[in-house]
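Observations on the model geometry
Read off the chains here:
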Amino acid sequence: MGHNVYIYIMIMAVITYAIRTLPLTLIRKPIKNQFFQSFLYYVPYVTLAVMTFPAIIDATQTPVAGAAALIVGIIVAWRGTGLFQVSASCCAVVFFIELFF
Amino acid sequence: MKKFRTSISAVFNRGLRDGLRDGLPIGLGYLAVSFSLGIAARNAGLTAFQGFLASALINASAGEYALFTLIAARATYLEAALVTLIANARYLLMSFSLSQRFAPSSPLRHRFFIGFDITDELFGITIARPGHVDPYYTYGAFLIAGPCWAVGTLLGVIAGNLLPLRLVSALSVALYGMFLAVIIPPSRKNKVIAGIVLVCFAGSYLSKYLPVISSLSDGMRIIILTVFISLAAALLFPVKQDIGKED
């Protein structure tokens, strides 16, 4: 069995594209089942929340900076400011905290 | 008819413009993350072009990281295929979720193109917009974020450790900031969502340390938690309105 880098890349590209596209293209009718509808309604919030914490704390050089970014991000987002501002505040907090630690 | 056309193009342009705007912070975050991904690619023996190609075709951080590790370990193609399925299975759920938010009149080609654009972040901002999916919004964001991802990987392979660590560290939270911007505003309006977000934080934290589940890969843990918590939420708090018509 060979170890061609391009074949590895192609395998992953094809499978990943299939995963992303099959439900989108095969299920074109609205699903009426209320339970399944509710499940899909919660999926985005759950998956994004699960990915955010504790990963944000592990992403920075010092965990304190990541924790501060989480708190500041929540406060700024709570006040209803846009995506860019929330994101930029998180980065700024990490940058300043890591200047001093 | 002419008036109808202009109003349609105005909507498209606004969607595209909003997408380009929201794609910028995502792109900046991607540059930082893919830069470190590029370093992993170099360590696995990939050339700058191969790293660029992988990122341009795959658009998946955890999946690509796993792939580079496998290439370095000279794994079999079958192993690579299985790891891909596991690391990227969460996109299946996202694709499901998006399939319910497309306008019935939307042409099929949009579903094929949007499928390529499903990353954690682009899915997040697409689903965060009320009403039906506006494909042009997602295309706008991808137009900025996609090239950033591929170019960042390329630079990571070439430049390795040139970017100051402090800057990489600061940029690496950009993605999480965007996640917060998606999940926090609805939490303010809806106590159920707020409660679920807290449960997710706690569950995700615990799953890193509890026996058995902590030995699974990040991608696998995300899927298990997503399915389990979403099922529980759907059982306990069924949503009344039609998702596609929610506003």
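Scroll up to find the structure this text is about.
Residues numbered from 1 in each chain as written. Chains lettered and ligands numbered in written order. Predicted model: local features only at pLDDT ≥ 70, side-chain atom pairs only at ≥ 80, totals over all residues.

A cis geometry characterises the amide bond from Phe53 of chain A onward to Pro54 of chain A, with omega recorded as 0°. Residue position: Pro54 of chain A is located in the loop between helix 2 (34–52) and helix 3 (55–59). Even without glycine at this site, Arg74 of chain B takes up a positive phi of about 55°. Mapping Arg74 of chain B onto the fold places it in the loop between helix 3 (61–72) and helix 4 (77–88). A count of 10 C-beta atoms within 10 Å places Arg74 of chain B in the exposed class. (Helix = DSSP H or I, 4+ residues; strand = E, 2+ residues; numbered from the N terminus. Buried ≥ 20, exposed ≤ 12 C-beta atoms within 10 Å, placed from the backbone.)

A general trend in soluble globular proteins is that nonpolar side chains are found buried together. Of all hydrophobic cores here, the largest spans 110 residues; its most connected members are Ala69 and Cys90 of chain A together with Val173 of chain B. Tallying contributions element by element places helix 8 (residues 135–159) of chain B first for this core, with twelve residues. A domain-level breakdown of this core finds at least three residues from each of domain 1 (2–172) and domain 2 (190–247) of chain B. Not counting residues within four places of it along the chain, the set of residues in contact with Val173 of chain B comprises Ile56, Ala59, Thr60, Gly66, Ala69, Cys90, Cys91 and Val94 of chain A. (Core = buried A, V, L, I, M, F, W, Y, C linked by C-beta atoms within 7 Å. Domains from an automatic or database assignment. Contact = placed C-beta atoms within 7 Å.)

It is worth spelling out helix 4 of chain B at this point. Residue and element names in this part refer to chain B. A rise of 1.5 Å per residue sets the reference length of helix 4, with its twelve residues, at 16 Å; its end C-alpha atoms lie 16 Å apart and thus fit the reference within 8%. Among the residues of helix 4, those classed as buried are Ala80, Val83, Thr84, Ala87 and Asn88. When helix 4 is viewed along its axis, its buried side chains cluster within an angular range of 105° and face the same direction. For helix 4, the exposed residues lying more than 90 degrees away from the buried face are Leu78 and Glu79. (Expected span 1.5 Å × (residues − 1). Arc of directions from axis to C-beta.)

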